[in-house]
Every structure is written in C-alpha cells, then in structure tokens.
Amino acid sequence: MEYYIFDEISPNRDAPFLDLPDEIDLIESIMGKKPIFDELPIKIPADIDEDEGVVYTDIINPGVPLLSNKMKEALDQCGVTNIDYYPVLIIDYETKQTLAEYWLAIVTGIIACIDLEKSQFKQTADGQTVITQFSIDHAKTAGLNLFRFHNIPGLIIINEDLKNKLSKMSFNGISFKHTNQYNRKV
C-alpha cells in the first residue's frame, strides 16, 4: 500500500493570513485532543489587503487543517471517521464580516506505524536523532485510510485508496505528496 501526505498546496500565497484564536492550541490539536470552545462557530480573523486576490482553497492549513464543506463531505463519503469537526467562520479582521465557512479538523489518534528498516535517520548537531525519510508499515496502520503519523504528528497521511477517490473529485489547492518525497534536511 502506498501512502501520501495530505495537505494544502504549499506555499499557498493566495490564502488569507489567519490569526488563530488562543482557544485553538496547536500542539493539543495536532495530538488529537478534543478542544473546548466557549462558542461555536469559531471565529478566526483574517487580515486581508483589499488589493489582494484571496483564494479560499479546500484546505487551509495555518498550523491546524481547516477544511471546506466540500472536503468534509468528501471525507465523510469516503468513510473517514476519525476526524472531529468544529465549525469555523473566517471573518474580516476589521469589519467582522464573514468571508468564508470552514471546518476545523482534529484528526483523532496518532498512529505509530513507521517501518524502521525502510526509513532513514540522521543526527542533528545537538545530538538528536531525526527522521529524514520515512516509510509506513501498512500492518501497523489499524486499517485507517487517514491518520496522523506518530513520528511526525504535524503530517496527515492518507492511503492510496483514499488518495485515488479524492483525486477523482474537483478540489482547489490540495496536495497529495507521496511519503517517499518527504526529505527533512539536517
């Protein structure tokens, strides 16, 4: 089984600059912990220059993934059940006018599924071992078609079946980078 990193096309120079509210803790969100919000939908201010042509893609990733309604529905139809969704309104920083509606996607559970024999590691200057290239051991994925990768939890990984289904749909600004293209410089 082949695996892919699921993300926005990067860099997405036309995405709005978003100021995440304090109640969205990046580390806890990446680790799959359920956030507690005082009010839903979550309002995320965007600082937009009137002269800029902002593009609202199907994934915006300001540290945590925000998915369009279209992407959420597609993942639901494809049987992805390990995401907790919270409604988000992207609002104009100055006018407070709603610019777009999204879903904050918290991927629950982190899967320890690295294939140690096929992955590469290097030592940093301060003596830490880091993964520079990795491979997924399919037998350790618990049959999930989308998950966060234990060794690099900032990545969302999808299997080939889900990638093929999503590739047949028309999305804007989505990236499916094969995991063998991941290359961390040390």
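This text goes with the structure placed above it.
First, a word on scope: everything that follows refers to the structure included in this document. (Residues numbered from 1 in each chain as written. Predicted model: local features only at pLDDT ≥ 70, side-chain atom pairs only at ≥ 80, totals over all residues. Heavy atoms only, no water.)

1. Side note on the sheet that holds strand β1 (residues 3–8)
Formally: Any two strands between which DSSP finds at least two bridges are classified as paired. A run of H or I in DSSP becomes a helix once it reaches four residues, and a run of E becomes a strand once it reaches two; helices and strands are each numbered from the N terminus. Working rule for contacts: check all heavy atoms of both residues, and any pair within 4.5 Å makes them a contact. Note on definitions: angles span 0 to 180 degrees between N-to-C directions of axes, and those axes are lines fitted to C-alpha atoms, for helices only across the stretch in contact.
Spatially, 5 strands are ordered β8-β11-β12-β1-β13 in an open sheet, and the strand pairing comes out mixed. The sheet is open, and its two edges are formed by β8 (110–111) and β13 (174–178), each paired on a single side. One ladder, built from 4 bridges, connects strand β11 (residues 146–149) with strand β12 (residues 152–159); its direction is antiparallel. The residue bridging R148 from the neighbouring strand is I156, located in β12. Against the sheet, helix α3 (residues 160–167) touches β1, β11, β12 and β13, its axis set at about 75 degrees to β12.

2. Focus on the pairing of β11
Two faces belong to every sheet, and in a regular strand the side chains alternate between them. Examined bridge by bridge, β8 and β11 share 2 bridges and lie parallel to one another. Following the sheet pairing, I111 is matched in β11 by F149. Linking two consecutive strands that pair antiparallel, namely β11 and β12, is a turn of 2 residues.

3. Observations concerning the nonpolar core
Proteins that are soluble and globular tend to have nonpolar side chains buried together. Applied cut-off: Note on terminology: a nonpolar core comprises buried Ala, Val, Leu, Ile, Met, Phe, Trp, Tyr and Cys residues joined through side-chain atoms within 4.5 Å. Partly exposed describes any residue whose relative accessible area lies between the buried limit of under 20% and the exposed limit of over 50%, with all areas from a 1.4 Å probe on protein chains only and scaled to the type maximum.
Counting residues in each nonpolar core, the largest one holds 20 residues, and the members touching the most others are F6, M71, L75, I83, L146, L162 and L166. Breaking this core down by element, the ones donating at least two residues are β1, α2 (69–77), β6 (83–92), β7 (98–107), β12 and α3. The element that contributes the greatest number of residues to this core is α2, accounting for 3 residues. Residues within four places of L146 in sequence aside, it is in contact with F6, L75, V80, N82, I83, V107, I156, I157, I158 and L162. By size, the runner-up hydrophobic cluster in this structure holds 17 residues, among which are L20, I60, Y102 and L104.

4. Some words on a negative patch on the surface
Selection criterion: In this analysis, a patch consists of residues with relative accessible area above 30% that form no salt bridge, clustered at 9 Å for like charges and at 5 Å for the nonpolar side chains Val, Leu, Ile, Met, Phe, Trp and Tyr. Computed by Shrake-Rupley with a 1.4 Å probe, the accessible areas treat only the displayed protein chains as cover when residues are assessed. By salt bridge we mean one thing: a side-chain nitrogen of Lys or Arg within 4 Å of a carboxyl oxygen of Asp or Glu. The convention is simple: Lys and Arg are positive, Asp and Glu are negative, and His and the chain ends are not counted. Throughout, a charge is located at the NZ atom of Lys, the CZ atom of Arg, the CG atom of Asp or the CD atom of Glu.
Together, D19, D22, E23, D38, D47 and E94 give the surface a local cluster of negative charge. Within the secondary structure, D19 sits in the loop between β2 (17–18) and α1 (26–30). Since its relative accessible area comes to 43%, D19 is described here as partly exposed.

5. Here's the deal with the packing of aromatic side chains
Counted only if it meets this: Only Phe, Tyr and Trp rings take part, Trp by its six-membered ring, and two of them pair if their centres are within 6.5 Å. Stacked means planes under 30 degrees apart, edge-to-face means over 60, and tilted covers everything else. Only when the NZ atom of a Lys or the CZ atom of an Arg is both within 6 Å of the ring centre and within 35 degrees of the ring normal do we say a charge sits over the ring.
Enumeration according to the criterion identifies 6 aromatic pairs in this entry. Aromatic side chains Y3 and F147 sit 6.1 Å apart centroid to centroid with 65 degrees between the ring planes, which places their arrangement in the edge-to-face category. Of this pair, Y3 sits in strand β1 while F147 sits in strand β11, and the two are 144 residues apart along the sequence. Y3 sits in the buried class, given a relative accessible area of 2%. Taking the centre distance of 5.9 Å and the plane angle of 15 degrees together, the rings of F6 and F176 count as stacked. In this pair, F6 is assigned in strand β1 and F176 in strand β13, connecting sequence segments 170 residues apart. Residue classification places F6 among the buried positions, given a relative accessible area of 5%. F176 gets classed as partly exposed once you look at its relative accessible area, which sits at 23%. Linked through ring pairs, F134, F149 and Y182 together constitute an aromatic cluster. Between K72 and the ring centre of Y85, over which it is positioned, the NZ or CZ distance is 4.7 Å.

6. Thoughts on α2
What counts is decided by this rule: The reported arc concerns the directions from the helix axis to the C-beta atoms and nothing else.
Three or more residues of α2 are buried, namely M71, K72, A74 and L75. For α2, the buried positions fall inside an angular range of 165 degrees around the axis, keeping them on one side. The first or second residue beyond α2 is G79, which carries a positive phi of 85 degrees.

Spatial relationships are all this shows, so hold off on functional conclusions.
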